[in-house]
Structures are given as structure tokens and as C-alpha cells.
Amino acid sequence: MSSWLGVLGSGLGQSLGQVGGSLASLTGQISNFTKDMLMEGTEEVEAELPDSRTKEIEAIHAILRSENERLKKLCTDLEEKHEASEIQIKQQSISYRNQLQQKEVEISHLKARQIALQDQLLKLQSAAQSVPSGAGVPATTASSSFAYGISHHPSAFRDDDMDFGDIISSQQEINRLSNEVSRLESEVGHWRHIAQTSKAQGTHSSDQSEICKLQNIIKELKQNRSQEIDDHQHEMSVLQNAHQQKLTEISRRHREELSDYEEQIEELENLLQQGGSGVVETDLSKIYEMQKTIQVLQTEKVESTKKMEELEDKIKDINKKLSSAENDRDILRREQEQLNVEKRQIMEECENLKLECSKLQPSAVKQSDTMTEKERILAQSASVEEVFRLQQALSDAENEIMRLSSLNQDNSLAEDNLKLKMHIEVLEKEKLLLSQEKEELQMSLLKLNNEYEVIKSTATRDISLDSELHDLRLNLEAKEQELNQSIGEKETLIAEIEELDRQNQEATKHMILIKDQLSKQQNEGDSIISKLKQDLNDEKKRVHQLEDDKMDITKELDVQKEKLIQREVALNDLHLTKQKLEDKVENLVDQLNKSQENNVSIQKENLELKERIRQNEEELSRIRNELTQSLNQDSNSNFKDTLLKEREAEVRNLKQNLSELEQLNENLKKVAFDIKMENEKLVLACEDVRHQLEDSLAGNNQLSLEKNTIVETLKMEKGEIEAELCWAKKRLLEEANKYEKTIEELSNARNLNTSALQLEHEHLIKLNQKKDMEIAELKKNIEQMDTDHKETKDVLSSSLEEQKQLTQLINEKEIFIEKLKERSSKLQEELDKYSQALRKNEILRQTIEEKDRSLGSMKEENNHLQEELERLREQQSRTAPVADPKTLDSVTELASEVSQLNTIKEHLEEEIKHHQKIIEDQNQSKMQLLQSLQEQKKEMDEYRYQHEQMNATHTQLFLEKDEEIKNLQKTIEQIKTQLHEERQDIQTDNSDIFQETKVQSLNIENGSEKHDLSKAETERLVKGIKERELEIKLLNEKNISLTKQIDQLSKDEVGKLTQIIQQKDLEIQALHARISSTSYTQDVVYLQQQLQAYAMEREKVFAVLNEKTRENSHLKTEYHKMMDIVAAKEAALIKLQDENKKLSTRFESSGQDMFRETIQNLSRIIREKDIEIDALSQKCQTLLAVLQTSSTGNEAGGVNSNQFEELLQERDKLKQQVKKMEEWKQQVMTTVQNMQHESAQLQEELHQLQAQVLVDSDNNSKLQVDYTGLIQSYEQNETKLKNFGQELAQVQHSIGQLCNTKDLLLGKLDIISPHLSSASLLTPQSAESLRASKSDVLSESSELLQQELEELRKSLQEKDATIRTLQENNHRLSDSIAATSELERKEHEQTDSEIKQLKEKQDVLQKLLKEKDLLIKAKSDQLLSSNENFTNKVNENELLRQAVTNLKERILILEMDIGRLKGENEKIVETSRGKETEYQALQETNMKFSMMLREKEFECHSMKEKALAFEQLLKEKEQGKTGELNQLLNAVKSMQEKTVVFQQERDQVMLALKQKQMENTALQNEVQRLRDKEFRSNQELERLRNHLLESEDSYTREALAAEDREAKLRKKVAVLEEKLVSSSNAMENASHQASVQVESLQEQLNVVSKQRDETALQLSVSQEQVKQYALSLANLQMVLEHFQQEEKAMYSAELEKQKQLIAEWKKKAENLEGKVISLQKRLDEANAALDSASRLTEQLDVKEEQIEELKKQNELRQEMLDDVQKKLMNLANSSEGKVDKVLMRNLFIGHFHTPKNRRHEVLQLMGSILGVRREEMEQLFHDDQGGVTRWMTRWLGGGSKSVPNTPLRPNQQSVLNSSFSELFLKFLETESHPSIPPPKLSVHDMKPLDSPGRRKRDTNAPESFKDTAESRSSRRTDVNPFLAPRSAAVPLINPAGLGPGGPGHLLLKPISDVLPTFTPLPALPDNSAGVVLKELLKQ
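The shown structure was predicted, so the numbers you read here are calculated from the model rather than taken from an experiment.

1. So, the overall build of the protein chain
Per the secondary structure count, the protein chain includes 32 helices and 0 strands. A total of 1979 residues make up the protein chain; the buried ones form 29% of that total. At a minimum sequence separation of 6, the contacts of the protein chain that also span at least 24 residues come to 89%. Total accessible area on the protein chain stands at roughly 128,000 Å², and carbon and sulfur atoms take up 55% of it.

So this is what it looks like as C-alpha cells:
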């Protein structure tokens, strides 16, 4: 049913969908039309409805909407209920069907099993019978066992009336029977074996004595058996009685259980109805077991899938490790290349250093050897450390190699990669150390160069520098040694890396080989392993494919990672620069904030101006509409229109340009944002990579800094471009505002005088000219921007082309991969085929093996049979004449069996041969397959290798492309910078460049003199200069062309603007003429009439609306009623369905089960009875055999006549029975044939009915589709209703917004009018000054620096002050002129007053017009809104009607369903009755069968009695019996056999009959069902046709109604168009009248002008008379003229001054611009310096750490030094002032002993010993004074000069304090001036003063040192500013500097060049050295 309903529903949906589509298109057209009407309404209407009415309408609308929603909810609820009920019904029906199917399947299985068991039993019986008489013992045992089995299980056979519903009990019985069967089979096998063995023994034994013994034994056994049989028969009778009693009891119990079960079923059904999902679980134990097994299988499947997934994950991990290993190998190779490059660079630097050392050697020969020794020691220590470190690295590498070799080959790669990474990190660290050493060497080189220059400059002065040079040389040598060592170590490391690479490659090769072997093994194993392993292999292949794809992806990822690394480097550098620029940015941020505030204010002003523009545009549009007709008459009007259009076109073009620029800006921003987002993602992705490559990045800092600068320049350019765009936008907006202001001024000019208008017109022309200039500038800017954009686009296009090429390459790769995939898929298919063939092979093998086994068994049986044949032949030969007929029969049977077996054997041999051939073929195919697989593997390997090569080439290509892109970017950036420089000032640039080149050349010459520069560098410089010159020429040409274009554009624009100004003048004149018209009264009357008409229409509309609302409410009430009815119907339906379910479940569960099970039980009972009969017949046969054996023994005996008679009677009876059976058999055959004919006819009828059902189902499906389409259309209409409601709300909202905008506009109009009046009163000069100031401000607002702006504003204010003074002077002049022009002014005033009166009249009329317009608009708005409401109400009513009709249709459908269900119920009741009658008939048949059984039992009893009689006869007549008895017995036996056969045939025929009857009943039932279905489908077809007809009628009605509506609306449109035409005609008439009035006014003006001319003539006449009469006034006039000339001269002088001032300001502005440019250059330099500083700061941090360590060492050394100094001072104090007493005494005595002539020689000797010069000694000799004071002063004063290092003793201070102190001060002064030149500072400290590093240094240094530095730098230029004065207190210490020259004591040599020492006593710059020393002495 459910499928049939589904088909019906789909058909209906299809048919109705088409109708719904057409309807939807129609409704869509209507909705579009209504939308258009609404849009027209919104365009025309600008006023609003009265608030009260709108509120009422809104309230009504809200109520309707709420009701509509409620109704929709009800509809949806009902639909959901309906669907839920349908689903429930379907589910229940499906569950019942499933249960029925399961039951039928189970019954069929049971039947099949029972039949099989019965067959087995029959076979066993026949086998038991076939055993020969020789084996009598097994036969008896078998029969006894069988009888025992029957008697032992009485529960197997139950009463007739009993119900076998319980599946569990039947299953148990079946199990029991199967066990019995197996037991019997085992027994049969056992006895067969025994029989065979007995036969074999019988053949071998030849003694007759043994045979006699055996025969005796057999006889004894037979007697025993007969006794046992008798006992068993007695037992059987007793058991049968007991069995019948038990059966009655069990049947009673079973009935009780059945009643209980029925009650339980009813309860469960009730539960089902309540809960919905309770299924009868009484008979479902087997189902549950099945479900459990299914669940277990599913869990196993899930586990297997999980295992598969885990394996896949493992494979993926291995692949990832492989890919990472390959990536690491690539990275190692790259790093190796980088190391090689760096090695080359270091070698070159070493060579350079050697050259410089060779230059420095001659000047640095005289250094002491002590320094060299210490340097060597340090170098050795450093080198030892480095060697130790490298040895450690080597040992680590060796350990790693050992580990690699020891590791397993499966997991070796990943660990290798890890260790390689570690090794790489170590190498990178060493590389970093080497780079640091390289940098230190570079620094030392720079130091050497600087010191070399200093040495050259100061070589003439001092020789002490040689020692320092020697030190430096020694340092250089040590460094060279270190370098050589590092180079050697580097080479060893590179060699180790290469070895590691080789080992890695070998390991990878080994791995690949192992993989190949494994894959081969897997392929061999796959053929043996089962299906699961084959699936695994397939998935592994897929994984391999995925690996290949992943390899490609990883390679692409590597390329992208490299790009990412570069970007990261750039980002890191940016971050560093950002941190350092933050200080500078703060100032700029403040300026930016100010500029932003200004921008905000400008934007606000712009918004206000835009609103004003809109208002003005609206006014302009109205004026134009009014003037169009008047202008058509004049010839000038066309010219004006064209000019106006041209101007508008220009404005549009400018706007378009602006919009394009904005779009470009937006695109750039979007691109930037996208790039930022990508960068962020890439940064996140590459954080791990960054950790790995942080060490390597340190070496590449220089490149990254260069990239940094490039990025910064790009950003600066971008910012500048954006700023230029912003300024251009602002300027354009300002220009637009200015244009709008001019338009406003023109509109306001109607209120001014004609003279004032002319003046303003002139000013406007000037303003227009200025704006033309500004437009030209803007156009230049736009062109520049366009050029820049084109360049950028070209660059982008080139990059895009490259990307396209790359994408093409990638696509080619993808195609290649796809081809490979296709090949692999084909191979897989082939593999699958071969695997299937292998499976078939295996199956065939199995079959062959089975055949072989069966052959073997057959052969054995054959052998046995042959042996039996031989034995039988021997017996025949022994038994002479008497031949048994049985033996002959057995022989013939055996012969036939043998022949059959031979034929079977031949067949089997042929089959074996065939299978062997097939196996050989398959083996060959298998071998071919393996070969092809190996070839394909080779091909795959080759492809992989090619693929890898391709990838490598592609990566190289990518890298090359990246480099090319970088180069292009660099070139673009260079070009852009050059362009910017050339834009600023091309001529100056050229001159500067030439000067720069000259300077460069001079510098190069100087450098060549100093450093001997190479020729290659000079050639490069020359090439660069030439390229620059070419670029400058090209740019000059471009500049010239651009200037020409700009000039042309400016000329064109000036011409256009002049035309526009003329147009505006004409418009103003026309407006003046228009003002004086007074014919607006007619318009007012017409408008009032229109208003009244609109009011009438509105009232009508409201009346219609009220009617519609009433209708709506009525329809709603109807709708509610219908809904209630529908609910009641649905409840009734649900009840009926429940009843249906109950009935169907009852009948289906009870009737069919009973029927089937009774048939089964009957068939069972019949078979059991047959078995009993067979057993009895066997007994008879045994008795006959006994009789025969007895008869053979006694042939000569006689026979009783009674016995013969009895036997003959029995034979007759049996013949009669046989005849009856044959007749019955013929009858049965005829009935069966009749049944077959009937079944054939019924099948034909069935086919016809099925065809009809199919047709009906198709029709039903079509109808269902139509029905679904209708439902969809209904839903669409509902959605449209919702949309209409939303649109209404939007319209109301838009009306509100329009009202608000109207209020705002009116308010702004009121605000604007006073402003305009005030503006008109301003004098033209003031206006000029204001505009000039505004334009200046706007032009200068583009400058970035606000300080300059403020200065310019101040200058402007000063200018304004001067202009005001000039204006005052002008006012004075105008006062003087006023006297002459009073007469003219009076006349003008008269005309002005008249014009003012006319203007006032016009204003009043305009106000009246505006009010009327507003009223009309309000009324039209109300009308439109009411029309909309009316249409909405109509639509809603229609929708509600449709809903009501749909509901009615649904009710009809439900009623039909109820009727149908009732009919079904009745049919079910009828079927149940029929089943009851069938049940009764079956019971009757059961009764008959039971009667038959009883008869059979009687027969059995009679047979038993006969058997007993036979036994008695045997016992009585054992000795004497004749051959006639034997013949009779044979006849009886044959008759009995025939009866058995006939009984079997009868049973079979009965079974066939029953089956046919069952089939016939089933077919009749199906026919009945099909007829019922046909009847129902016909009914439904008729109903659906009626429904379709009704729906079509309704739709046609609706379509007609829609057409009527369309016609009405068109009529309305036509009426409205007529009204429009009439109104336009009226407007034309009014305009015509206005034009007539304008003409009359012009005529009046002409008359007035003529009168004015006449008065002017009169005036001239009167003036001539005045001139004649007033000659006396001539003198006064002369004086006046003179005075005026003086004033003019003054005025001109002041003007010149102003011009000069302006020129000066311009110059200042130009200078400021130049300064700005220079500042920008400085900024760039500062940025570069900052970059270098950032580099140096990093180095400084390292150095500072070293300095801190050295300081600690220094402190220890200084402590040591202090101790040594103290000791030395003590030594000096004790030793230096003393002279050897003995020597002095001898000299003294010698002096007195020598003669006076030679005493001066002794004195000279003494002086030389004491260190007195010869000249001083000669002076001493020449001097005649010889006092004590002189001697003392000499003794004291001479010591200071000769012995500077002698400290004073305390005993000498007492003598002559004043003189001694003065002398000591002089001595200190002389000592304070240092003789030794100071050592140079290191490069770290030689920085510009503004650099941050310098500041840090200064902060670290003490303040005293700073002061000294400053003083020294100011005082002395020849001395190093960082040098401190040497202290006299410490004589043995060298002069201390900040740089490398540490505290150089005579005993201790300098530790390092880096140690800075600061002197404790600084010298102040202001005080002299003497003053300082005096202060010290005082202290």
C-alpha cells in the first residue's frame, strides 16, 4: 500500500507542479505590476498621510497579520499531524509485513528440513532391508533401535486438534530428530563395516564346519529376535495407550496456553497503540539470535576497518617522515652551498687583509716583541678552544654515524634526519661564530685603516705610534692564523657533511631496495592470502598513490616555505625598524591627529554642502522644467542648452574619474588586506620553521636589511600615493562645493541690483578661471596616477603571466599524475581479474580433490562388490541344481551398478584431465602476470625518477622566477624613486646629479691616490653614470610632452568655462524676466479643483475598504468552522485506522498460522503411519523368509488344506485392494490434470490484472503529482502574502523618511535664505579677499607639516591687515567720487525700488504655489496609500478564499479515505469469515484423517495377529512343507510389495493434491485482492479527475478575475494619463502666459532704457553748460587731480611692496619645499643609519657583555696595579731623590783637590751625573752671583726640568713656600700637556652624534668624561676628543683613552684593545690648568 500511495503522490506532484508553475508566473507578473505602481507612487509622492488615519490602518493591518499567522500555524499543525499519522501507518504496515515474511521463511525452512529428514529415514530403512540374510544380527538391532526411538519419544506425535505455534518446541524436536538421524547413520556405518568384514572372512574361509556353526548361531539369534519383537509389541501397545492419554492432556494444556497467548497479544497491541513501537516478542527468539550475530559481525567489521585505518595512518606517518627527510636533505645541500660561498668570501677577505698587512708592515716594524708573545698566547687559547669545540662536534658526528649504522633499517631514516638536523644546528652555530669572527676582522680592518690614516698624519710628529702599529700587525697575524685554522676546520666539517650526505643517500638506497623486496614478497603473498588481505593491498596501492601526490605537494610546499622564510625575514626586519622608529613616529602621530581633526571638520562641512547641493539641484530641475518651453521660442536657448549639457558632461566625467580612482583605491586596499591575511596565515604556519632557522637568519641579516629598505620605500610610496589620492578627492569635493556656491549665488542674484550682478559676474569669471587652473592641476595629477597605475598593472601582468606559466606546468604535472592513476587503475582491474581466475582455480582444485576422494571410495566399493560377486559365484557353483531367483536378481543388479560405476569413472577421469589442463593454463597466465607486474613496477620506478627530476627542475625554475621577480621589484622601486625625485625638480636634479658624479669622480681619484682602487669599480661607476644620464633624458622628454598636453587641456577648459559663464548670464536674465509675471491665479484655481477631486476619490476608497474588512471577518469565521470540521474528521479517521490495524493483526496472526501448522502436523502423522506400515511389512518379509528356509529343509512333507485356503483368500483380498488403489490413482491423476489447467488459466488472469494495476498506479502517481503541485502553489501564495506585508511596511517606513527629509529641507531653506541675503551685502573686494584666502588655504592644506601652515596663516593674517588698510583708502576715494555720482544713484534707486516690489510679489506667489504643491502631494500620498491598502485587502481576501476551497477539498478527500477504510474493514471481516469456514473444513479433514489412522491401526493389529499365526504355523510345521506353500508365499510377498508401492504412490499423489489445492486457493486470493485494488484505484481515479476538474475551474475563474482586474487597472492608467496630459497642457498654457508677460516686461524695460538715454543726453547738455559757467572750478579740479595722482602713486607703491612681499613669501615657500625634500632625504639617511644602528646595537650588546667580563678582569688587574704602584712609589720616594754618597764624596773631595783651572771639568762631571746640561753648566760658570738663595732656587728649579718624575719630600716644603709652590705649579703645567698622540677609538664608538648607540654609550660613560670630551673638542682640534688629561700623580701609567688603549703600565702590557679606562680628574674647559692645580694644592 505504502509504495502504491508513494507512486500516486509522485504522479500527482508532477502534474500539479506544472499548473503551479504557470500560476506562479502569472502571480509573479501581477506582483511585478503592483511593485511598479508602488514605485511610481513613491516617486510622485513626497508628503504624508494624516497620523490618525495611518495609525488606524496600521492597527487594522497588525490585527489581520496576527490572524493570518494564527491561521497559518493551524494549517501547518494539521499538516504535520496528517503526515505523522501517515508515517505511523506506513511503519506499522511495514513491520507486520516483515513479521509475516519471517514466519513464512521459517515455515519453509522447517518443511524442507522435515522432508530431508524423512528422506534420510527412508534411505536408512532401505539400507537396513538391503543387508543380506547372512547379516541378520544388524537388521534386528536396527529395527529394534528404531522401534525404541519411536517408543521412547511419544511427544513427537501429538493429537490432531493440537496447534503447533510454538517455534521453540518444534526446533527442539527437529534437533532431536537430527541427533537420532546422525546416531542411526553411525550405527549403519558400523554394521556395514561388520558386514564387509564378515563377507571378507566368508570368502577366505572354505571350511563348511565353520559355516554350519555360523548358521546355528544365526538361528539362535533369530529366536532371540522373535522373542524380543514380541516383548516390544506388548510394550508398544502399553505405550500407545499411555501416549493417547498424554496427548489428551497436552492438547488441553495447549488450548489453555493458546487462550493465554491471545490475551497477551491483545495486551501487547494495546501497548503498541499507546507507545507506538512495541513489537510482539513471543516467537522471536531466533530473530534475536540472528540480530546478535549480525551485531557481532558488524563490530568485527568495525574493528577490522579501524585496524585498516590504523595501518593507513602508520603508512602516512612513514611517508611524512620520508618527505621530511628529503626536505632536510635539500636544506642541508643548500646550507652546504651557502657555507662554500661564505668560505670563498672569507678567503677573499683574507687575501685583502694580507695585502693591507703588507702595506702596513714597513710603518709598523719597530713594535716590541712582548706584545706578540701575549697575542700569540691569546690566539692559541682561542684557537685551542675552537679546536676543542670542533673536536666535540666531530665526536658527536661520529657518534651519530655509529648510531645510524646500529639502528634498524625501517626506522633509520627519521632518526637520521633528526641527527642530521642536530648536526646542522651545530654547524650553523659554528658558522655564526665564524661570521662573528669575520665581522670582528672587518672591524679590526676598519680600525687599521683609520689608524693608518692617523699614523700618516702624525708620523712626522711622533715615533711612538710605531709600537702600536707593530701590535696591530701582530694582532693581524694572530687573526690570520685563527682564520686559517677556522678555514681548515670548516673544510673538515664540509668533508664530514659530505660523508654524512653519502651515508644518508646509501641508507635511502638501501631502504628503497628493501622496499622493492618487500613489495615483491607482498605481491607473491597476495595470491595466497584471502579477500581481506587483497583489500589491504588495494588500500596500500592507494596509499602509494597518495604518497606520490603528497611528494608533489610537499615539494610545492618547500618552494612556498622558502618564499615564506624570505617574507618572515623581511617581517622581522620590519619589526626591528618599527621598534626603533616608534620614537620618531610619536611626533608624527600628534601631527596626524591634528590633521585628522581638520579632516573631520572638512567632512562635516562637505556633508552640509552636499545637502545644500541636493536642494539646489532640485530647485534647478524645477526652474529648468519651467524654462524649457519659454526657451524653445528663442534661438539663444538651444545654445544655452548645449553649453549646459557640456558642463554637465564635464562634471559627470570628473565624477566618473573620481569614482574610478575610488574603486582603484578600494581594490588596492582589498589587495593589501588580502596580502595581510595571507601573511598572517603564513606567519602562523611557519613559526616552527622560524625556530629551526633562527641561527641561519643571523648570517643573512644584511640581505634582509636591504629587503627591509625596499619594503619601506614601497610602503612610503604607497602612503604617498594614497595621500595624493585623498588630497585629489578633497580638492574635487571642494571644487564641486565652490561650483555649487556659484550656482547658489546666481540663484540669489535675483534679489540684487543689476550693477551688483555685473560685478559678481566678473568675480565669478575670475573664480572660474582659478578653478580651471585647479582642474588642470588635478588632471595632471590624475594623469600621473594613471601612468603609475599602468606601470603597476604592467608589473602585475608580467607576474600574472609567470604565474600562468607555473600553473600550466602544474596542470601538466596533474595530467601526468592522472595518466599514472589511470594506468594503476587498469593494472588493478587486471589484478582483480587474475585474482578471480585464481579463486576459480582453487575452487576447481577443491572439486577435483573431492572427485578424487569419491573415486577412491567408489573404487573400494567396486572392489568389495567384485569380491561379493566372486563369493556368490562360488556359492552358485557349490549349490548344484537349485538356483535362487534372488541371487540372480542381485547379480544382474550388481552388474548394472558396475557398468554405471565404470561410466562414472570414465567421466571423472575426463574431468580430471580437463581440470589439469585448466590448472596448467592458469599457471602459465599466473607467470605472465608476475612478469607483467615486474615490468610495470620497473616502469613505475622510472616514472617516479622522471617525476622527481621534473620536480627538481620545477623548483629551480621557481627559484629563478622568484629572483627575477625580486630584481624587477627592485628596478621598479628604483624607477619610482627616480620619478619622484625628477617630479620635484628635474633641472636642479640634473645639475645635482652631474655635480654628484663630478664629486664622485674626484673622490674616486683621491681614493685611488690613497687606496689604489681597481679599474673594474671605476668602469662600473661610469656605466651607472651613463645609465642615469639616459634615464634623465627620457624623463625630460616625458616631462616636455606632459607639459604640452597640460597647456592644451587648460586652453580647452578655459574656453568651455567662458561659454558656461555666458550661459549662466543668459539664465539670470531669463529669470529676471520671469520674476515680473503675475498670472499664477489660474494655476491656483486649477489646483484647488484637483484637490477637491482627490478628496472625493479618497472617501470612496475608504468606503470600499470598510466593505472589504467586513468580508474578511466573515471569511475568517467560515474558515474557523471548516477547521473544526476537519479536526473532527481526522479524529474519526484515526479511530478507524486503529480498528483496522487490530483486525488485520488478529486475522493474519491466527488464521494463517493455524492453517499451515495443521497441514504440517497431518502430513507428519501420515508419514509416521507409513513408517509403521513399512515396519510391519518388513516383519512379514522376515516371516516369509523363515518359512522358505523351513520349506527348503523339508520338501517331501505335506501341507494342510486350511492353510492353502487362507492364503488364497488373502491373495484375493490383496488383488481387490490393488485394483481399488489403481482406480483411485487414476482418479487422482485426472483431478491433478484438471487442477493444472485451472492454475494456468488463473496465472493468465493474474498477469492481466497485474498489468491493469500498473496502469492504475501510473495514473495515481500522476494525480498525486498534480495534487502536490497544487499544495506547492498554495504555499507560494502564502509566502507572497508575507512578502506583500513586508513591502507595505517598507513603503510606510519610506513615507516616514520622506516626511522627515521634507521637514529638514524646509528648515534648511529657511536657514539658507538669511545667509544668502547677508552674503549679498558684502562688498566685492571683501568677497575677493575671502575667496583668495580660502583658495590659498585649500592649496596649502595638502602640505604635511603644520608648523609651516601656521606660519603661512600668520603671513596671510598680516596680508589681510594690509588689504583692510587698502580697502579703507578705497573707501575714502569712493567717498570723494560719491559726490559726482549721486544723481545717477538716485535714478538707480528708483528702478531698484520698482524691481524690489516686483520681487516681493513674486515671492508671495511662489510661497502660495509651494503650499498648494504640498497639499496636492499630501492628498496624492493619501490616495496612493489607500489604493495600496485596498489592493492588499483584496489579495488577502482572495488568498483566504483559496484557503477555504483547499480545506473543503481536503475534507472531501478525508471523507473519501474514511469511506475507503470502511470498505476495507468490511472486506477484512468477509475474509475472516471465509478463513473460519476454511478452518472448519480443515478440522473436518483432520477428523477424516484421524479415522483413516484408526483404520490403519486396526490393519496393523490384524497383521500382527497374522504374524503370530504364521509363527505358530512355523513352530507346528517346521519339518514338513511343500513347494506350493513356497509359491503362495512368494505371491503373497509380491502382492505385499505392490501394496507398499501403491501406498507410497497414493501418499505422494495426496501430497501433490494438497499442494495444488493450496496453490489454487492462494491464486484465488490474489485474484480477489487484485480485483479489489483495481476497484479502489478506479474510484480514486474518478475522485482525482473530479478534483482536477474543480481545481481547473477555480483556476480559470481566478485567471478571468485577474484579467478583469488588469483591464480595470489599464482603464485607470488611461484615465490618469489623460489627466496628466490635461495638467501638462495647463502647465504649457501657464508657461506661455508667463513668456508673454516676460516679453511685455522686456518691452517696458526697453522703454525705460530709452527714457534713461534721453535723460543722459539732457544731462550731457546740462554738463556742457555747467563746464561753460564753472571755469572758476577748474583750479579746484586741478588741485583735486594732483591730489588723486599722489594717492595713485602711493597706491601703486604699496602694491609693488605687496608684490615684493608675495614674491619673498613664494621664495620662502620654495626654500621650505627644498628643506622638506632635504629633510626627507635626511629621513631616509636616518632610516638607513637606524638600520645600521640596529645591526650595531646587536653587536654592541655582545660587546657590552664582553666589556662587563673584561671590566671584572680589569678591576682585578687594577687592584694588582695599585699594589705595584704603591710599592713603586715607595721605591721612587726612597731611591730617586738619593745619589750615591761615596761617589758624591769622592767628586766633592776631587773638586777641592784639583787645581782651579780644571775645577769646572769636575763640576761638569758632577752635572752630567746629576743630569745637568752642558749649557746650564756654562751659564752657572758665567754667573757671578753665588748666594745661598740662588743656590737653593737653582737646586729646586732645575729639578723640575731635568727630573720630572721626582715627587717632593715633606722636609723641603718648609723652605721658601711661595717660590716652591710656583715652581711646582709650572712643573705640573708642563706635565699636563701630553706629548704622546692618543690611540684611535674603535669603530663601535665612531658614530654620528645623533645615533642611538652613541647615546647609550654616553649614558654609560661618567659625566666628568663627557665634560672633558666637550672641552677638548672645543679647545683643541689636533687631539682626539675622547682623550683625557694625564695625571701627574701617576707617572708610570700611559695616557688613558676610551678606546682600545687600556691602562698601559710599564710592567704590565695591555690585555686587550677593548678595555676602556676613564681618568679620575677631568679638566674643565673654562678654567686654566694653573687654577685647577692651585685648587688642588689648597685642598
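2. Considerations on the pattern of salt bridges
Opposite charge on two side chains permits them to pair, given that their charged atoms come into close proximity. Tallied over the full model, the rule gives 29 salt bridges. With its nearest N and O atoms 2.8 Å apart, the salt bridge here joins Arg1460 to Glu1580. Within this pair, whereas Arg1460 is found in helix H22 (residues 1382-1516), its partner Glu1580 is found in helix H23 (residues 1523-1669), the two being separated by 120 residues in sequence. In this structure, the salt-bridge partner of Arg1546 is Asp1547, at a minimum N-O distance of 3.5 Å. By relative accessible area, which is 16% here, Arg1546 ends up buried. We classify Asp1547 as buried; its relative accessible area is 12%. Overlapping salt bridges bring together Asp1457, Arg1460 and Glu1580 as one network.

3. Thoughts on the side chain of His470
Take His470: it is sitting in helix H9 (residues 465-528). A polar side-chain atom of His470 sits 2.9 Å from a polar atom in the side chain of Arg473.

4. Looking at the packing of helix H25 (residues 1781-1793) against helix H26 (residues 1799-1810)
Orientation of H25 relative to H26, taken along the N-to-C sense of each, is 165 degrees, at an axis distance of 9 Å. Regarding the angle of H25 to H26, the classification is roughly antiparallel. Both H25 and H26 take part in a crossing whose hand is left-handed. Side by side, H25 and H26 meet where Leu1783, Met1784, Leu1787, His1791 and Phe1792 of the first sit next to Arg1799, Val1802, Leu1803, Met1806 and Ile1809 of the second. Looking at the contact of H25 with H26 residue by residue, the classes come out as 8 nonpolar, 1 polar and 1 charged.

5. So, the confidence of the model for the protein chain
Residues with a pLDDT of 70 or more make up 77% of the protein chain, whose mean pLDDT is 78. Residue range residues 1007-1012 is modelled with pLDDT below 50. Its contacts to residues more than four positions away, or to other chains, number 4 contacts. Scored below 50 in pLDDT, residues 1946-1968 shows 51 contacts in the model against residues more than four places distant or in partner chains.

6. A closer look at a positive patch on the surface
A contiguous patch of positive charge, built from Lys578, Lys676, Lys715 and Lys718, is present on the exposed surface. Locating Lys715 in the fold gives a position in helix H13 (residues 701-748). On the basis of relative accessible area, Lys715 is assigned to the partly exposed category, the value being 48%.

7. Focus on the nonpolar core
Taken as a class, soluble globular proteins show a tendency for nonpolar side chains to be buried jointly. Residues Tyr1119, Met1123, Val1126 and Leu1133 are the most contacted members of the largest nonpolar core, which totals 18 residues. Elements with a minimum of two residues in this core: helix H2 (51-130), helix H18 (1081-1193) and H22. Element by element, the count of residues in this core is highest for H22, at 8 residues. If sequence neighbours within four positions are ignored, Leu1133 has contacts with Leu1454, Asp1457, Ile1458 and Leu1461. Within the second largest apolar cluster, 13 residues are counted, among which are Leu1184, Leu1187, Leu1528 and Leu1529.

8. Observations concerning the packing of aromatic side chains
Inspection of every chain in the model, using the stated rule, returns 2 aromatic pairs. A ring pair is formed by Phe1788 and Phe1792, whose centres lie 4.9 Å apart and whose planes are at 75 degrees; its orientation type is edge-to-face. Within this pair, Phe1788 and its partner Phe1792 are both found in helix H25, separated by 4 residues, close to a single helical turn. Phe1788 gets classed as partly exposed once you look at its relative accessible area, which sits at 47%. Directly above the aromatic system of Tyr739 lies the positively charged group of Lys771, at a separation of 5.3 Å from the ring centroid. The residue whose ring lies beneath Lys1708 is Trp1705, and the NZ or CZ to ring-centre distance is 4.1 Å.

9. Considering a negative patch on the surface
Where like charges cluster on the molecular surface, the negative patch consists of Glu257, Asp260, Glu262, Glu263, Glu266 and Glu267. Here Glu267 lies in helix H5 (residues 208-275).

10. Considering the environment of Leu968
The residue Leu968 is located in helix H15 (residues 885-984) in this model. Accessibility expressed as a relative area gives 38% for Leu968, which makes it partly exposed. Considered as a pair, Leu968 and Ser798 are 170 residues apart in the sequence and their alpha carbons are 9.9 Å apart.

11. Here's the deal with a nonpolar patch on the surface
A cluster of nonpolar side chains, Leu1783, Leu1805, Ile1809 and Leu1810, forms an exposed patch at the surface whose accessible area comes to about 320 Å². Broken down by element, the nonpolar patch gets its largest block of residues, 3 residues, from H26.

12. Section: the environment of Ser659
With respect to the helices, strands and loops of the structure, Ser659 is situated in helix H11 (residues 636-685). When its relative accessible area of 30% is taken as the criterion, Ser659 is described as partly exposed. Separated by 70 residues in the primary sequence, Ser659 and Lys729 place their C-alpha atoms 9.6 Å from one another.

13. Notes on the packing of H22 against H23
A pair of packed helices can be characterised by two numbers: the angle between their axes and the separation between those axes. Their axes nearest at 14 Å, the elements H22 and H23 cross at an angle of 175 degrees. By the angle class used here, H22 and H23 are roughly antiparallel. Residue composition of the contact of H22 with H23, by class: 9 nonpolar, 5 polar and 15 charged.

About the thresholds
- Residues numbered from 1 in each chain as written.
- Predicted model: local features only at pLDDT ≥ 70, side-chain atom pairs only at ≥ 80, totals over all residues.
- Heavy atoms only, no water.
- Helix = DSSP H or I, 4+ residues; strand = E, 2+ residues; numbered from the N terminus.
- Buried < 20%, exposed > 50% of the residue type's maximum accessible area, 1.4 Å probe, protein only.
- Contact = heavy atoms within 4.5 Å.
- Areas by Shrake-Rupley, 256 points an atom, 1.4 Å probe, with all protein chains shown as cover.
- Salt bridge = Lys/Arg side-chain N within 4 Å of Asp/Glu carboxyl O.
- Polar contact = N/O pair within 3.5 Å; in protein donor to acceptor, adjacent residues only side chain to side chain.
- Axes fitted to C-alpha atoms, helices over the stretch in contact; angles between N-to-C directions.
- Parallel < 35°, antiparallel > 145°, perpendicular 65-115°, else oblique.
- Left-handed = near helix turned anticlockwise from the far one by under 90°.
- Nonpolar A, V, L, I, M, F, W, Y, C, P; charged D, E, K, R; others polar.
- pLDDT = per-residue confidence, 0-100.
- Patch = residues over 30% accessible without salt bridge, like charges linked within 9 Å, V, L, I, M, F, W, Y side chains within 5 Å.
- Lys, Arg positive; Asp, Glu negative; His and termini not counted.
- Charge placed at Lys NZ, Arg CZ, Asp CG, Glu CD.
- Core = buried A, V, L, I, M, F, W, Y, C linked by side-chain atoms within 4.5 Å.
- Phe/Tyr/Trp six-rings, centres within 6.5 Å; stacked < 30°, edge-to-face > 60°.
- Lys NZ or Arg CZ within 6 Å of the ring centre and 35° of its normal.

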